[in-house]
Amino acid sequence: MKKIGILGMQGAIEEHREKLRKLAGIEPVIVKTKEKIAEVDGLILPGGESTAMGRLLNYFNLTEPLKQSIEAGLPVWGTCAGMILLAKNIEDQDERYLSTMDITVKRNAYGSQLDSFSCEKEIPEISKDPLPLVFIRAPYITELGQKAQAVATVDGNIVCAKQDNMLVSSFHPELTDDAGFHEYFAEKFV
Amino acid sequence: MSDRYTLNKNLAQMLKGGVIMDVTNVEQAKIAEDAGAVAVMALERVPADIRKEGGVARMSDPKMIREIKEAVSIPVMAKARIGHFVEAQILQAIGIDYIDESEVLTPADYENHIDKSSFDIPFVCGARNLGEALRRIGEGASMIRTKGEAGTGDVSQAVRHMRTMQQDIRRVQAASQPELMHLAKEYAAPFDLIQYVHDNGKLPVVNFAAGGVATPADAALMLQLGSDGVFVGSGIFKSGDPKKRAKAIVEAATFYDDPEKLAVISEDLGEAMVGINCDALPEEEHLDKRGW
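Here is what the cut-offs are and how they apply
Residues numbered from 1 in each chain as written. Chains lettered and ligands numbered in written order. Predicted model: local features only at pLDDT ≥ 70, side-chain atom pairs only at ≥ 80, totals over all residues. Heavy atoms only, no water. UniProt positions renumbered as here; feature names shortened; annotations may be inferred. Phe/Tyr/Trp six-rings, centres within 6.5 Å; stacked < 30°, edge-to-face > 60°. Helix = DSSP H or I, 4+ residues; strand = E, 2+ residues; numbered from the N terminus. Buried < 20%, exposed > 50% of the residue type's maximum accessible area, 1.4 Å probe, protein only. Lys NZ or Arg CZ within 6 Å of the ring centre and 35° of its normal. Pairing = 2+ DSSP bridges. Contact = heavy atoms within 4.5 Å. Axes fitted to C-alpha atoms, helices over the stretch in contact; angles between N-to-C directions. Parallel < 35°, antiparallel > 145°, perpendicular 65-115°, else oblique. Left-handed = near helix turned anticlockwise from the far one by under 90°. Nonpolar A, V, L, I, M, F, W, Y, C, P; charged D, E, K, R; others polar.

Going by what an unreviewed UniProt entry lists, chain B is known as Pyridoxal 5'-phosphate synthase subunit PdxS and is assigned to Ligilactobacillus ruminis. Per UniProt, chain B carries the Sequence similarities (unreviewed entry) text "Belongs to the PdxS/SNZ family." We quote the UniProt Pathway (unreviewed entry) comment for chain B here in full: "Cofactor biosynthesis; pyridoxal 5'-phosphate biosynthesis."

By the naming in an unreviewed UniProt entry, chain A goes by Pyridoxal 5'-phosphate synthase subunit PdxT and is assigned to Ligilactobacillus ruminis. In its Function (unreviewed entry) section, UniProt records this for chain A: "Catalyzes the hydrolysis of glutamine to glutamate and ammonia as part of the biosynthesis of pyridoxal 5'-phosphate. The resulting ammonia molecule is channeled to the active site of PdxS." Per UniProt, chain A carries the Subunit (unreviewed entry) text "In the presence of PdxS, forms a dodecamer of heterodimers. Only shows activity in the heterodimer."

Structure (structure tokens):
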């Protein structure tokens, strides 16, 4: 049994837990403390508001321990806000959060809620079937560093990438009926 | 169900476990964002001042809303009067992220709420019980909040509304299939939404608490009662130390079920807003009676 944690500061925590519950051999755990970070075999940084999550990580002194765990190899998947937490560079913003992944991201890259959208896309690396992709006030990647690798693009923008033990997606597989992305993270990273 | 409506419900899911704060200018909006608010509600006067000053309360100046939108990166919400669909059209044109069709403003229509399904922009609406929540969802609201009693700093009405909603939900869930139509009639709610509540034991949208939340303990109380997050109106910027209090309420929403953490979080916050006991309000000053 592998334990996959979901960072429990704020956001779509339950939605990820529901998805993980359906996978064989996976026990989902909500992570709010340093002790819990040490217990898990992998960690999901859920969608939500990146500034709020960044603050909460600081308030509870979790930024450093989490950063160290990721640098030591803890498999991690950031969805939407989670992508921003992991990025080394954020456009039009000085503040960084975990700053472990060699990517530059643009926040609210598509605009306001009126510009949120969904689409379907084949991502051969993840699944044979087309995947439903949901973008909510989403960021995308404007630049990949040397170590980072694009996994998917939509309309020419990089919306999914990986680097060693880190995976990021602009979209929210936890909001769809498809478990393909969660299976991919559990099998290939954790 | 349209894609747009699903996306709008999805945005509310991203706000869960978070605190949405009322702000009246750019400076307050920045304080709220910096403290860790998941969204701000831009308005000219907080409910406590609307109460004090009286008169007709309307949608805020679009210029002020636009300035706040430009100053922060988190979602921006603004209030339209109940039934005032042109105020809603204007707010949609500004391109904010969420409209609150709110009883805190003076209603523009004493029979009909806004037909929210005709808009692309998402709406949150207040409710005191399951029937009211489902009527608003039936009209197209993609998020619900308790009405509570805004601008009082007295959490008792928010507690009453949340408990009533939970009791109603348990009743619908426990009912047998043949009883559902009668319940739809009794709650004056769309049948398909009663059916959803029966099958799933919850509302089909995110449900926040609002109206009277003033302390970290109030926020944690509402979350323990089953709210997905909280709105704090007058409670922050009418308190002695808004920065500290805003941070503390954000922290409390994450550790709402950990009394030891809550004890530390609640320490040394300075004065809470003075507040008004809801029982002492004359009947005509109860804002939660607005909307139907």
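Engineer: I'd like to hear about the packing of aromatic side chains, residue by residue, with values.
Structural biologist: Each aromatic ring pair is described using two quantities: the centre-to-centre distance and the angle formed by the ring planes. Tallying each qualifying case throughout the model produces 15 aromatic pairs over all chains. Aromatic pair A:F117 and A:F135: ring centres 4.5 Å apart, planes at 10°, arrangement stacked. In this pair, A:F117 sits in strand β7 (residues 117-121) while A:F135 sits in strand β8 (residues 131-135), placing the two residues 18 residues apart along the sequence. The class for A:F135 is buried, based on a relative accessible area of 0%. An angle of 75° between the planes, with centres 5.3 Å apart, marks the rings of B:F119 and B:F123 as edge-to-face. Here B:F119 and B:F123 have matching classes, each one buried. Members of the aromatic cluster, joined through ring pairs, are A:W77, A:Y110, A:F117, A:F135, A:Y140, A:F171, A:F181, A:Y184, A:F185 and A:F189. Here the guanidinium or amino end of A:K32 rests over the ring plane of B:F255, the centre of that ring lying 5.4 Å away.

Engineer: Please provide a residue-by-residue account of the pairing of strand β6 (residues 101-106) of chain A, values included.
Structural biologist: Residues and elements named next belong to chain A. For strand β5 (residues 87-90) and β6, the ladder comprises three bridges, and the chain directions are parallel. Directly across from A87, in β6, lies its bridge partner M101. Alignment of β6 against strand β9 (residues 140-144), held across four bridges, turns out to be antiparallel. Looking at β9, one finds that K106 is bridged to Y140.

Engineer: Any chance you could break down the UniProt feature "active site" (unreviewed entry) in chain A for me, citing the residues and the numbers?
Structural biologist: Residues and elements named next belong to chain A. Sequence positions flagged by UniProt for "active site" (unreviewed entry) are, in local numbering, C80, H172 and E174. Maximum C-alpha separation among the annotated residues is 11.1 Å over a sequence range of 95 residues, consistent with a single clustered spot. Setting aside anything within four residues of it in sequence, one finds C80 in contact with G47, I136, A138, P139, S169, S170, F171 and H172. Tracing the sequence through the fold places E174 in the loop between β12 (166-169) and α6 (180-189).

Engineer: Let's hear about the packing of helix α6 (residues 130-139) of chain B against helix α9 (residues 191-200) of chain B: which residues, and what values?
Structural biologist: Residue and element names in this part refer to chain B. Two elements in contact, α6 and α9, have axes separated by 9 Å at closest approach and are oriented at 120°. Of the possible angle classes, the one that applies to α6 and α9 is oblique. The chirality of how α6 crosses α9 is right-handed. Along the contact surface, α6 presents L130, L134, I137 and G138, while α9 presents L193, I194 and V197. Here the contact of α6 with α9 is built from residues that sort into six nonpolar, one polar and no charged.

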